[in-house]
Amino acid sequence: MTVSPAPDAEVVDLCRDLIRIDTSNFGDSTGPGERKAAEYVAAQLDDAGLATTVFDSEPGRTSVVARIDGADPARTDALLIHGHLDVVPAHAPDWTHHPFSGEIADGCVWGRGAVDMKDMDAMILSVVRDRLRTGRRPARPVVLAFLADEEAGGALGAHWAVQHHRELFDGVTEAIGEVGGFSLTVRDDLRLYLIETAQKGIAWMRLTVDGRAGHGSMLSDDNAVTELAEAVARLGRHEWPVRITPATQAFLDAASEAFGVELDPADPQQLLETLGNIGRIVGATVRNTTNPTMLKAGYKHNVIPGRAEAYVDGRFLPGYEDEFESTLDEVLGPKVRRDYMVHDIAVQTEFDGSLVDAMTAALLEHDPAARTVPYTLSGGTDAKAFSTLGARCFGFAPLRLPPDLDFAGMFHGVDERVPTESLRFGARVLDRFLDLA
């Protein structure tokens, strides 16, 4: 008996199950790790008849890679589909539903990772399991990767895998991953689907000032806390100039036309405000950014410490790293020492080619109101590691979203959730995409 394809049949249950596995990544290997989630993923693939490679970069920091042979022997150009298993921590008392409950309520799956990244993991598993069961191999080879440590820069995940298991990615020429393919509703007959073709570089830094330690009651003209506080305030308030990269320009042009709002190239703020919550994502891609996130100094009220530290989340646009570096030196001044805790490249590719055509066609088949547009991601993904293989990397985790959902606020936010219908839509689109890719 022939089994009819049902690529979306399991996606909600898989997403719920994955969310229930706490893989909080605190950035210092103190969390639960990804081993349990990796074993779950491997079991799902093994159950469908696909062999997996499971490996640790450190005890408990576990990744899974598998390869599906293509149906067309002439196609040796492999497509990589990658997700990650870790999530950022969550403070349960702040949530409506426990962040690791996988609760299904109000038409959504709730929990940490629902939009970053266990929704994509679930879509990949649901589609692949169905295709293996129904004997529908893609034309080209497909490599699947479910990785550790993405939320801390990927040193123990994607970067480690590329360095130590490069053979698992032989033949990969293109890749798709998270934070792309989601919808922005303009009107009932027009939805923009944002395809990530570029992302900012990461510069997570520690700022250190050394001063003269002493008694808190004394006069001090060499106070490390004062010097650092002033430098952090300058940096946090620094107004970085507008810099429009090709992907951002293409998105702004498309949004200007779709929403009927004139674009001021020197100040796109009016247009960005028209976009609602998505404007927060795009708004962070028109300039470099530096956000102070942590401060550390001192050990007693009446002791002037000899050292003060601050931590800053810096992001630089493709092509603007040199400007970013020189501006940091200028703003911080000579007394502040700067060390990178995580430093990774910006990446970009063109919005063209057969893979982009496949994304567009798959979306149009399931949403005739779809229009694909490129954009730049303000954050970073494992695409940074895979771009070093020479792969063209895109963000394509398709989701048709309700117009009123604060999608931008879901990322690393409280009450993260994804609509169940969006998950099912995404699985159907991803399945069709594999037919065309």
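A.B. asks: Just to check I follow, could you spell out the packing of helix α1 (residues 11-19) against helix α3 (residues 118-133) for this structure?
C.D. replies: Interaxial distance between α1 and α3 falls to 8 Å at its minimum, and their mutual angle equals 135°. By the angle class used here, α1 and α3 are oblique. The element α1 and its partner α3 pack so that their crossing is right-handed. Residues V11, L14, C15, L18 and I19 of α1 lie in contact with α3, whose contacting residues are K118, D119, D121, A122, M123, L125 and S126. A per-class count over the contact of α1 with α3 returns eight nonpolar, one polar and three charged.

A.B. asks: Help me understand empty space enclosed by the protein, please; the structure alone is not making it clear to me.
C.D. replies: Space left empty within the atom packing is revealed by a probe, the size of a water molecule, rolled over the atoms. Overall, the coordinates contain two cavities of 30 Å³ or more when judged by the stated rule. Taken as a whole, the largest cavity encloses approximately 60 Å³ of empty space. Looking at the lining of the largest cavity residue by residue, the class counts come to eight nonpolar, one polar and two charged. In this structure, the second largest cavity spans a volume of roughly 50 Å³. Forming the boundary of the second largest cavity are T23, S24, N25, F26, G27, S29, T30, G31, G33, E34 and R61. Residues of the lining of the second largest cavity, tallied by class, amount to one nonpolar, eight polar and two charged.

A.B. asks: Even after reading the chapter, I still don't get the sheet that holds strand β15 (residues 337-344), so can you show me in this structure?
C.D. replies: Sheet strands associate in pairs through backbone hydrogen bonding, adopting either a parallel or an antiparallel arrangement. Strand order in the open sheet formed by four strands is β12-β14-β10-β15, and the pairing between neighbours is antiparallel. Two strands close off the open sheet at either side, each with one partner strand: β12 (289-297) and β15. Neighbouring strand axes in the sheet, compared pairwise and without regard to direction, differ in orientation by 20° on average. Two strands pair when backbone bridges link them, and strand β10 (residues 201-210) and strand β14 (residues 307-316) are joined in this way by 10 bridges, in the antiparallel orientation. The residue of β14 that forms the bridge with V209 is A308. Strands β10, β12 and β14 of the sheet are contacted by helix α5 (residues 224-237), whose axis makes an angle of about 15° with β14. Where helix α9 (residues 321-332) meets the sheet, its contacts fall on β10, β12, β14 and β15, and the angle it forms with β15 comes to roughly 155°.

Calculation notes
- Residues numbered from 1 in each chain as written.
- Predicted model: local features only at pLDDT ≥ 70, side-chain atom pairs only at ≥ 80, totals over all residues.
- Heavy atoms only, no water.
- Axes fitted to C-alpha atoms, helices over the stretch in contact; angles between N-to-C directions.
- Helix = DSSP H or I, 4+ residues; strand = E, 2+ residues; numbered from the N terminus.
- Parallel < 35°, antiparallel > 145°, perpendicular 65-115°, else oblique.
- Left-handed = near helix turned anticlockwise from the far one by under 90°.
- Contact = heavy atoms within 4.5 Å.
- Nonpolar A, V, L, I, M, F, W, Y, C, P; charged D, E, K, R; others polar.
- 1 Å grid on protein atoms, 1.4 Å probe; cavity = no way out; pocket = protein on both sides within 12 Å on 5 of 7 lines; lining within 4 Å.
- Points joined across faces, edges and corners; volume = space filled by probe spheres on them.
- Pairing = 2+ DSSP bridges.

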